[in-house]
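# Examining the three-dimensional arrangement
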Amino acid sequence: MIDPSVRDDFPILSRTIRGKRLAFLDSAASSQKPRQVLDAMDELYRTKYANVYRGAYLLSEEATTAYEAARATAAEFIGADTATEVIFTRGTTTSLNMVAYGWGLEHLGEGDKILLTMMEHHANVVPWQLISRHTGAELVYAPITDDYRLDVDALYQLLDDSVKVVGVTAMSNVLGTIPPVADIAAAAHQVGALVVVDGAQLTPHEPVDVQALGADFYAFSGHKMLGPTGIGVLWGRMERLEEMEPMEGGGEMIADVQLHSSTWAPIPHRFEAGTPPIAEAVGLAAAMNYLSAIGMDQVAKHDAALTEYALGALSNIGGLHIYGPDDMQHRGGVVSFTVDGIHPHDLATILDGDGVAIRAGHHCARPLARTIGASSTARASFYVYNTTEDVDQLVDGLHHAKELFGVA
Amino acid sequence: MSLEELYREVILDHYRSPRHKGKLEHASAHAEGHNPLCGDEIALDLLVEGGKVTKVAITGQGCSISQASASMMAEAIEGKSLDEVRDLIGKFKAMMDIEGDPKDAGIDPARPGAALGDLEALQGVRKFPVRIKCANLPWTTLEQALEDV
Ligand SMILES: Cc1ncc(COP(=O)(O)O)c(C=O)c1O
């Protein structure tokens, strides 16, 4: 496990919640930030801030250098071939919309299929629904198995020449399941389909190599991986990026503008219209450097150890049901559960009273919630700053909730 | 704030054994409400005869606050005239209105639910602002249903 002294890097962890020690167990929604990230952004604003690319003066040059250095850091973090394949966006949602609109509108039509999985976040469902309305392409879904894994055989059954896009999450934000994306990508490429991977949950928690994953597009957010809000990445294989139209037009993304048409700037700038999130990019790079200094394999091991500990402790609580794989095989640090006789929202309120922050609801995955037959679940998720003490606090809080509600 | 203030025994009792559960064959009004954030759901049937709510039936699922509020509401409105029901909706909303000035609504800030009988038990929800919409859901659904009569 990671040395608990990392907790000292996260100023927020020293505050109390209603007089109790804070056990923050909602990093899958958004993570906390270490001072290294806060300092990097602060320093940029204090010492070298100006708009990027525009000014022929030193400050702008320094800001541009910092922004482009962040792109290089991001490229290295995910194993991209070159930094030009890294587009900074507002986050996973924007990244996935850019692919759906920029690639999907151009290349999809009647008779084509978009194959998604039943465990996608709304961010990898709704953009495709919108594109399906525009193009007539049909949405199909690969189901999940009874043990909460992706039904890969069923997915392969659905994969034929009419499938033009395969959209798959690299890790479910509800079940914690990590599907075999590399195998799926290889199969999808055999029928000539584009592979779009939602890396929002995987990137913060496991070493990522987009080449090995075999994705065509890979999307993730900064705020779930110790970085700031308002920044994310869309990585795309260069040939595929060249097939994509910009979703937004404006400054910075053009080569020349005539009255009735324009020509585009080179990639990646073509896809970054307007003033980009400069300080956020610098903050994201600081977060990546922070994680790399710990080592992403250490992060993954730490999450796995806590998850295993939590699965053990929770399975001892009567009336508690876990929605997700019950062993550590291909599974990340997200544990969703319900407790008989106590609605997840009541659990969240009671746990909050005990200083424990968890998420309750459908977690932006309504199709999955309906499939697993739990319209709402409680979810605890783990990250580098969590300890077994946080899990113990959760377990104590759950006993407290059962006592309060008088359930055995 | 204390959790015991929120989860009064009477609330938990209504949550565990909701009153007026079910559907009406010949309802005069029907409305459905849901809270997309939490997934709370309420479906409400009313039978209105001679200007009175003579029967109420509710189905739903969700947290203890939304479901207890629905059950207590059903008990409170059955047998009441439409005017009395509308008056009760106003009083309930005033109790839950943490932004408004209690004096404007003519209620006692120390006991904002004083005029509400058993429903006063839901007063503790005021201290948990994110849960107020749960308590209000059955009441906004009732308002919708009354538009039909
Ligand atoms: C799997 C998954 N995909 C997409 C998203 C959307 O990310 P964002 O809200 O940062 O755009 C999330 C986070 O909520 C997620 O967990």
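Up top is the structure these notes are about.
What follows concerns the sheet that holds strand 9 (residues 217–221) of chain A. All names here are of chain A. The strand order 4-10-9-8-7-5-6 describes an open sheet built from seven strands, whose pairing is mixed. Edge positions in the sheet fall to strand 4 (86–89) and strand 6 (138–142), since each has one partner strand and no second. Between one strand and the next, the sheet's axes are offset by a mean angle of 20°, whatever the strand orientation. Relative to strand 8 (residues 194–198), strand 7 (residues 163–169) runs parallel, the two sharing five bridges. Residue pairing for strand 8: Val166 is matched across the bridge by Val195. Contacts between helix 2 (residues 58–77) and the sheet are confined to strand 4 and strand 10 (232–236), with strand 4 contributing the most and set at about 115° to the helix. On top of the sheet, helix 3 (residues 92–107) reaches strand 4, strand 7, strand 8, strand 9 and strand 10; it is set at about 150° to strand 9, its chief contact.

What follows concerns the nonpolar core. Among the nonpolar cores identified, the biggest contains 85 residues, and Phe88(A), Leu175(A), Tyr218(A), Leu226(A), Trp235(A), Leu291(A) and Val384(A) are the most heavily contacted of them. Shared between two domains, this core takes at least three residues from each, and those domains are domain 1 (38–292) and domain 2 (296–405) of chain A. Discounting residues that sit within four places of it in the chain, Leu175(A) has contacts with Met119(A), Ile144(A), Tyr148(A), Tyr323(A), Gly324(A), Pro325(A), Arg331(A), Val334(A), Leu368(A) and Ile372(A). One finds Leu320(A), Val391(A), Met95(B) and Ala135(B) within the second-largest nonpolar core, a separate group that totals 75 residues.

Residues and elements named next belong to chain A. Across its 20 residues, helix 2 extends 28 Å between first and last C-alpha, which sits within 8% of the 28 Å expected from 1.5 Å per residue. For helix 2, the full list of buried residues reads Ser60, Ala63, Thr64, Ala66, Tyr67, Ala70, Arg71, Thr73, Ala74, Ala75 and Phe77. Elements in contact with the buried residues of helix 2: helix 1 (35–47), strand 4, helix 7 (202–205), strand 10, helix 10 (278–294) and helix 11 (296–315). Just beyond helix 2, the residue with positive phi is Gly79, at close to 75°.

It is worth spelling out the environment of Val195(A) at this point. With respect to the helices, strands and loops of the structure, Val195(A) is situated in strand 8. Discounting chain neighbours no more than four positions away, the residues touching Val195(A) are Val166(A), Ala185(A), Ala188(A), His189(A), Gly214(A), Ala215(A), Asp216(A) and Phe217(A).

The subject of this paragraph is the site of the ligand. Residues and elements named next belong to chain A. Around the ligand lies a shell formed by Thr92, Thr93, His121, Ala123, Asn173, Asp198, Ala200, Gln201, Ser221, His223 and Lys224. Within the side chain of Thr93, one N or O atom sits 2.5 Å away from an oxygen atom of the ligand. With respect to the ligand, the side chain of His121 contributes an N or O atom lying 3.2 Å from an oxygen atom. Bound to the protein, the ligand loses 84% of the 400 Å² it would expose on its own.

What counts, and where the lines are drawn
Residues numbered from 1 in each chain as written. Chains lettered and ligands numbered in written order. Predicted model: local features only at pLDDT ≥ 70, side-chain atom pairs only at ≥ 80, totals over all residues. Heavy atoms only, no water. Pairing = 2+ DSSP bridges. Helix = DSSP H or I, 4+ residues; strand = E, 2+ residues; numbered from the N terminus. Axes fitted to C-alpha atoms, helices over the stretch in contact; angles between N-to-C directions. Contact = heavy atoms within 4.5 Å. Core = buried A, V, L, I, M, F, W, Y, C linked by side-chain atoms within 4.5 Å. Buried < 20%, exposed > 50% of the residue type's maximum accessible area, 1.4 Å probe, protein only. Domains from an automatic or database assignment. Expected span 1.5 Å × (residues − 1). Near = heavy atom within 4 Å. Polar contact = N/O pair within 3.5 Å; in protein donor to acceptor, adjacent residues only side chain to side chain. Areas by Shrake-Rupley, 256 points an atom, 1.4 Å probe, with all protein chains shown as cover.

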